[in-house]
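# Summary of structural features
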Amino acid sequence: MHSFVYESLPVRVVFGSGTADGVAEEVERLGCRRAVLVTTPGRAAMADRVAASLGDRLAGRLACARMHTPVEVTGRALVEVAASGADCTVAVGGGSAIGLSKAIALETGLPQIVLPTTYAGSEMTPIVGQTRDGVKTTQKAASVQPRVVIYDVDLTVGLPVPLSVVSGLNAVAHGVEALYARDANPLVSIAAEDGVRALAAGLPEIARRPSDREARAGALYGAWLCGLCLGSVGMALHHKLCHVLGGTFDLPHAETHAVVLPHAFAWNAPAVPDAAKRLARALAVDDPVRGLWELCRRLGAPASLEAIGMPREGIARAVELAARDPYWNPRPVNAEGIRDLLARAWAGEPPS
Ligand code: NAD
C-alpha cells in the first residue's frame, strides 16, 4: 500500500475552441472590472483578438514580457499597471508572458486570467522564476497561481513546428518527472501518464500537419495535464539540470528540456521501475529510455547541448552547480554520473 497526500490547485480551467471569446465574462466572474493585457512582443494579432473580447474591460496593454522574467522589465510594467487602474491581468502567450503576469501578481496581488499559447505549463503552477543581474531564482507563492486558465486551441494553431516540438517536450518532461516524484500521488500519476500519451500522439501529427486542430487539441490537453503535474508535485534531476544549464549558459528554455530529457530519464530509469512501466505504456514502446530518445529524434528536436549554444568547457561548471543544493532525486546523483550524462547530451549521443 502507498500512502499519499493530494492537494488540488485552486484554479478554474476552461478548455476548447473559441474559448478566448469568453475572457470578459471570466473577468466579471472574478469580480473584477478592468484588465491589463500582458504579452511578449510580436504577438499583436493574438493580443488584438483577446483585446477585442475584453472590450471596455481592457485597461491597457503590456507587450514587453521577456524570457526568464527580468526584474527590470517587471519594474517598468508595475508602473504601467498602477497607472492603468487595472484590477486584474490577462496574459496571452507562453511561459514568458505568463511569467510577467505572475511577477506582477507577486508584487500587487492582482488576480490573473491566462491564455497559454505554448505547451510549457506555467499557467498551472504557483511558481515564478525571476532574473536579477543574470541570476534566475524561482519561488513558490499561492499569489502567483493564475485563478483562471483559458485553453483555446485556436491560439496554438500558429505556433511554429520547431517551437511546438520543443515546447511539447518541455511538457513531457513535467509528466515524466511527476511519475517518480517524491510526493507522487495516484491522481497526478494518472494525469502524467495520460498527458505524456496525448503529447506523444499529438506532436508527430503537428510536425506533419501544423494546422491540424485535432492534433493541436490533443497536445494542448496533454500540456494541461503535464502542467498540472508540474504545479502539484516536486520535480527532480531533469528540472535541476535544465535550470542550471539555462541559467548558467543562457540556453533556450524549451530546447534545453528537449535535449536533456532522454538522458535524465536514462539515469533515473533503473531506480523507478513503476514509472518506467507507465512511461512505456504512454509512449507505446517496450523500452521507455529508447522510446523517449526516438520520439525526440522523430520530431526533429535539437539533439545536443552543443547545437543550442553550450560551450564544451561548460560541462565541469554545470556538474559543480548541479551537485550544489541538489533537488531530491530517486537515484542518488554523483559527479561522475552527471559528467557522463552531460557529455553525452552535449555531443548528441544516445542516452545510456
Ligand atoms: P516563450 O513564452 O518565451 O515563447 C517563445 C516564443 O514563442 C516567444 O517569442 C513568443 O512570443 C512566441 N509564441 C508564443 N506563443 C506563440 C504562438 N501561439 N504562435 C507563435 N509564436 C508564439 O516560451 P515558453 O517555452 O512557453 O516559456 C519559457 C519561459 O517560461 C521560461 O522563462 C521558463 O522558465 C518559464 N516557465 C515557467 C514555468 C513555471 O511554472 N513558472 C513553467 C514553464 C516555463
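Residues numbered from 1 in each chain as written. Predicted model: local features only at pLDDT ≥ 70, side-chain atom pairs only at ≥ 80, totals over all residues. Heavy atoms only, no water.

## Section: the overall build of the chain
Regarding its fold elements, the chain presents 13 helices and 8 strands. Computed over its C-alpha atoms, the radius of gyration of the chain comes to 19 Å, within 12% of the 20 Å expected for a compact globule of 352 residues. Overall, the chain is about 55 × 40 × 40 Å in size when its C-alpha atoms are taken along their principal axes. The proportion of buried residues among the 352 residues of the chain is 57%. For the chain, long-range pairs separated by at least 24 residues make up 76% of all intrachain contacts whose partners lie at least 6 apart in sequence. Accessible area for the chain stands at about 14600 Å²; split by element, carbon and sulfur atoms hold 53% of it. Distance between charge centroids for the chain: 1 Å, based on 34 positive and 35 negative side chains. (Helix = DSSP H or I, 4+ residues; strand = E, 2+ residues; numbered from the N terminus. Rg over C-alpha atoms; globule rule 2.2 N^0.38 Å. Buried < 20%, exposed > 50% of the residue type's maximum accessible area, 1.4 Å probe, protein only. Contact = heavy atoms within 4.5 Å. Areas by Shrake-Rupley, 256 points an atom, 1.4 Å probe, with all protein chains shown as cover. Lys, Arg positive; Asp, Glu negative; His and termini not counted. Charge placed at Lys NZ, Arg CZ, Asp CG, Glu CD.)

## Some points on the packing of helix 3 (residues 71-84) against helix 4 (residues 95-108)
Across the interface, helix 3 lies against helix 4 with an axial gap of 10 Å and an inter-helix angle of 65°. Of the possible angle classes, the one that applies to helix 3 and helix 4 is roughly perpendicular. The element helix 3 and its partner helix 4 pack so that their crossing is right-handed. Packed against helix 3, whose contacting residues are V73, T74, A77, L78 and V81, the element helix 4 presents L100, A103, I104, E107 and T108 at the interface. Looking at the contact of helix 3 with helix 4 residue by residue, the class counts come to 7 nonpolar, 2 polar and 1 charged. (Axes fitted to C-alpha atoms, helices over the stretch in contact; angles between N-to-C directions. Parallel < 35°, antiparallel > 145°, perpendicular 65-115°, else oblique. Left-handed = near helix turned anticlockwise from the far one by under 90°. Nonpolar A, V, L, I, M, F, W, Y, C, P; charged D, E, K, R; others polar.)

## Points about the pattern of salt bridges
It is possible for side chains bearing opposite charge to pair when their charged atoms get close. All told, the structure shown has 17 salt bridges when counted by the stated rule. R12 is the salt-bridge partner of E26, the closest N and O atoms lying 2.9 Å from each other. Of this pair, E26 sits in helix 1 (residues 23-29) while R12 sits in strand 1 (residues 12-16), placing them 14 residues apart in sequence. Notably, a salt bridge pairs E193 with R278, separated by 2.7 Å at the nearest N-O pair. Placement of E193 in helix 6 (residues 186-208) and of R278 in helix 10 (residues 273-283) is noted, with a sequence separation of 85 residues between them. Because the salt bridges share partners, they merge into one network encompassing E193, D194, R197, R278 and R281. (Salt bridge = Lys/Arg side-chain N within 4 Å of Asp/Glu carboxyl O.)

## What to know about empty space enclosed by the protein
Per the stated rule, a full pass over the model turns up 1 cavity of 30 Å³ or more. Of the pockets and cavities examined, the largest cavity occupies roughly 30 Å³. L237, K240, A322, P326, Y327, N329 and V333 together form the lining of the largest cavity. Here the lining of the largest cavity is composed, by residue class, of 5 nonpolar, 1 polar and 1 charged. (1 Å grid on protein atoms, 1.4 Å probe; cavity = no way out; pocket = protein on both sides within 12 Å on 5 of 7 lines; lining within 4 Å. Points joined across faces, edges and corners; volume = space filled by probe spheres on them.)

## A few points about the site of the ligand
Near the ligand lie 23 residues; those nearest to it are S96, T117, T118, T125 and K136. Separating an oxygen atom of the ligand from a backbone N or O atom of H68 is a distance of 3.0 Å. For the ligand, the protein covers 86% of the area, taking 870 Å² as the surface of the free molecule. The element that contributes the greatest number of residues to the shell around the ligand is helix 4, accounting for 3 residues. (Near = heavy atom within 4 Å. Polar contact = N/O pair within 3.5 Å; in protein donor to acceptor, adjacent residues only side chain to side chain.)

## A closer look at the packing of aromatic side chains
Two measures describe an aromatic ring pair: the distance that separates the ring centres and the angle between the ring planes. Evaluation of the coordinates by the stated rule reveals 3 aromatic pairs. When the centroid spacing of 5.7 Å and the interplanar angle of 45° are considered together, the rings of F15 and Y151 count as tilted. Here the residue F15 occupies a position in strand 1, and Y151 occupies one in strand 8 (residues 148-152), the gap between them amounting to 136 residues. Looking at F15, the relative accessible area reads 36%, which means it is partly exposed. Between Y180 and F265, the aromatic rings sit 6.4 Å apart at their centres with planes inclined by 15°, giving stacked as the arrangement. Of this pair, Y180 sits in the loop between helix 5 (161-179) and helix 6 while F265 sits in helix 9 (residues 253-268), placing them 85 residues apart in sequence. You'll find Y180 and F265 in the same group, each marked buried. We note R312 situated over the ring of W346; from NZ or CZ to the ring centre the distance is 5.2 Å. Taking the ring centre of W267 as reference, the NZ or CZ of R331 above it sits at 3.6 Å. (Phe/Tyr/Trp six-rings, centres within 6.5 Å; stacked < 30°, edge-to-face > 60°. Lys NZ or Arg CZ within 6 Å of the ring centre and 35° of its normal.)

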